[in-house]
Every structure is written in structure tokens, then in C-alpha cells.
Amino acid sequence: MIESWVDFVFNVIGGATAFLCLFDGTRRLCAYGVHGKAVLMTVLAAGICALYGGFAYWKYSDLKATLSMNQRKAAASPLPANWGRLSPEKKEVASVGRARRTFMESGTLASYVDRSGGTRTLAPTQEDLMRRERAVAYYARAEYSARGSLAEALLWPIIGLVAVLFGILMSLEKVSADPTREPGDA
């Protein structure tokens, strides 16, 4: 899923440039030996690949930390300190609020104390169901985004390795026997 087309375009341009520079820098290093332009091109391109991969992994770890904090089982919230002095109506309101919060956080139907002092199971309203559905959809999108970021973080080192291997393989081809050719020229 592409979240922003501008980010996508910049990532494609940056990734393609890093791949080509890493490939060509490695090819030049292997074919002509160590010289300034090839080393600079290779180091900068490898740094860009590492930066893209590091940023993707940082995004993954941030999303996973957020999800683990939000989705952990919440402990039952304690009763108010003045529970015994509350009127039956206020006890019911507070108890229903706790049961709704439990439903929103975990999807579990909790019990509450009604006005007569009996225990009843919460019957969620349509609004409660919609809020819970939005929360579940948010968690699903965040999980999907986290998996995509992890895949991207793993893809960048692979792309860098492939560029280096292609550069080495292409440098093994016969280099032109032109004696006027400089090592920096390709």
C-alpha cells in the first residue's frame, strides 16, 4: 500500500540511484583498482542503502512498540476510592464506563453493577461497536505497515549486496584494450 505518492517517487529515485552508483562504483573498483571517484561513489551509495534500511527498521520497531503497548491486556481498572459512598445511579454509570473501556480495549464483554446492585453483562451500543471496529482496523493497518517496514528493512541490504555482486561480475568482463582510457572513465 502506497501511503504517499511523493514519498514513493523519492524512494524509487533514491533507491535506483543508490543501486546504480553502488553497482558502478564496485565495477570501477574491481576493474581499475582503487581510485577516488569509485571509492567515493561506492561509499556514498552504500551509506544511502544503509540509511534507507535503517530508517525502515526504525519505523518497524517504532510501530511494533506502539502496537505492543496498545494491545496488551489491560488490568481491570480499580474501583473508585469512594465506591461505597456513591449513589446506586453513580455506581451504575461508573461500572458501565469501566465495562465499556474493557470492551474498547480488548473486545471482551465485561460485567457491570446495575442500580439494583445486580451484575449484568454489558450490551454494547452501535456506537461502541463502531469505535471498537475503528480500533481493530487501526491495529490491523499498523500491523500491516510494520510488516511492510520490516520487509523494506530486509530488502535494502539485499539490494546493496546484489548491486555489489553485479558490479564484481561486470568488472570481470574484458576491459577495452584502449591505452588512452583513464581509470575514472567508464
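Report follows, based on the coordinates. Remember, predicted model here, so these are calculated numbers, not experimental data. (Residues numbered from 1 in each chain as written. Predicted model: local features only at pLDDT ≥ 70, side-chain atom pairs only at ≥ 80, totals over all residues. Heavy atoms only, no water.)

Considerations on the side chain of Asp-114
Phase 1 of the analysis: With respect to the helices and strands, Asp-114 occurs in the loop between strand S1 (111–113) and strand S2 (119–121).
Phase 2 of the analysis: Here Asp-114 occupies a buried position and makes no salt bridge, while the nearest side chain of opposite charge, Arg-120, is found at 4.4 Å.
Phase 3 of the analysis: A distance of 3.0 Å separates a polar atom in the side chain of Asp-114 from a polar atom in the side chain of Ser-116.
Phase 4 of the analysis: Contacts of Asp-114, omitting those with residues within four sequence positions, involve Glu-92 and Arg-120. (Helix = DSSP H or I, 4+ residues; strand = E, 2+ residues; numbered from the N terminus. Buried < 20%, exposed > 50% of the residue type's maximum accessible area, 1.4 Å probe, protein only. Lys, Arg positive; Asp, Glu negative; His and termini not counted. Salt bridge = Lys/Arg side-chain N within 4 Å of Asp/Glu carboxyl O. Polar contact = N/O pair within 3.5 Å; in protein donor to acceptor, adjacent residues only side chain to side chain. Contact = heavy atoms within 4.5 Å.)

Side note on the packing of helix H1 (residues 5–32) against helix H4 (residues 126–171)
Phase 1 of the analysis: Two numbers describe how H1 lies on H4: the axes approach to 7 Å, and their chain directions differ by 35°. Crossing hand, H1 versus H4: right-handed. Facing Gly-15, Phe-19, Leu-22, Phe-23, Thr-26, Arg-27, Cys-30 and Ala-31 of H1, the residues of H4 in contact are Trp-156, Ile-159, Gly-160, Val-162, Ala-163, Val-164, Phe-166, Gly-167, Ile-168, Met-170 and Ser-171.
Phase 2 of the analysis: Class assignment for the residues of the contact of H1 with H4 results in 13 nonpolar, five polar and one charged. (Axes fitted to C-alpha atoms, helices over the stretch in contact; angles between N-to-C directions. Left-handed = near helix turned anticlockwise from the far one by under 90°. Nonpolar A, V, L, I, M, F, W, Y, C, P; charged D, E, K, R; others polar.)

Digging into the packing of helix H3 (residues 88–106) against H4
Phase 1 of the analysis: The N-to-C vectors of H3 and H4 enclose an angle of 35°; their axes lie 8 Å apart at closest approach. Relative to H4, the crossing made by H3 is right-handed. Contacts from Arg-100, Phe-103, Met-104, Glu-105 and Ser-106 of H3 reach H4 at Asp-128, Leu-129, Arg-131 and Arg-132.
Phase 2 of the analysis: For the contact of H3 with H4, the class distribution of residues is three nonpolar, one polar and five charged.

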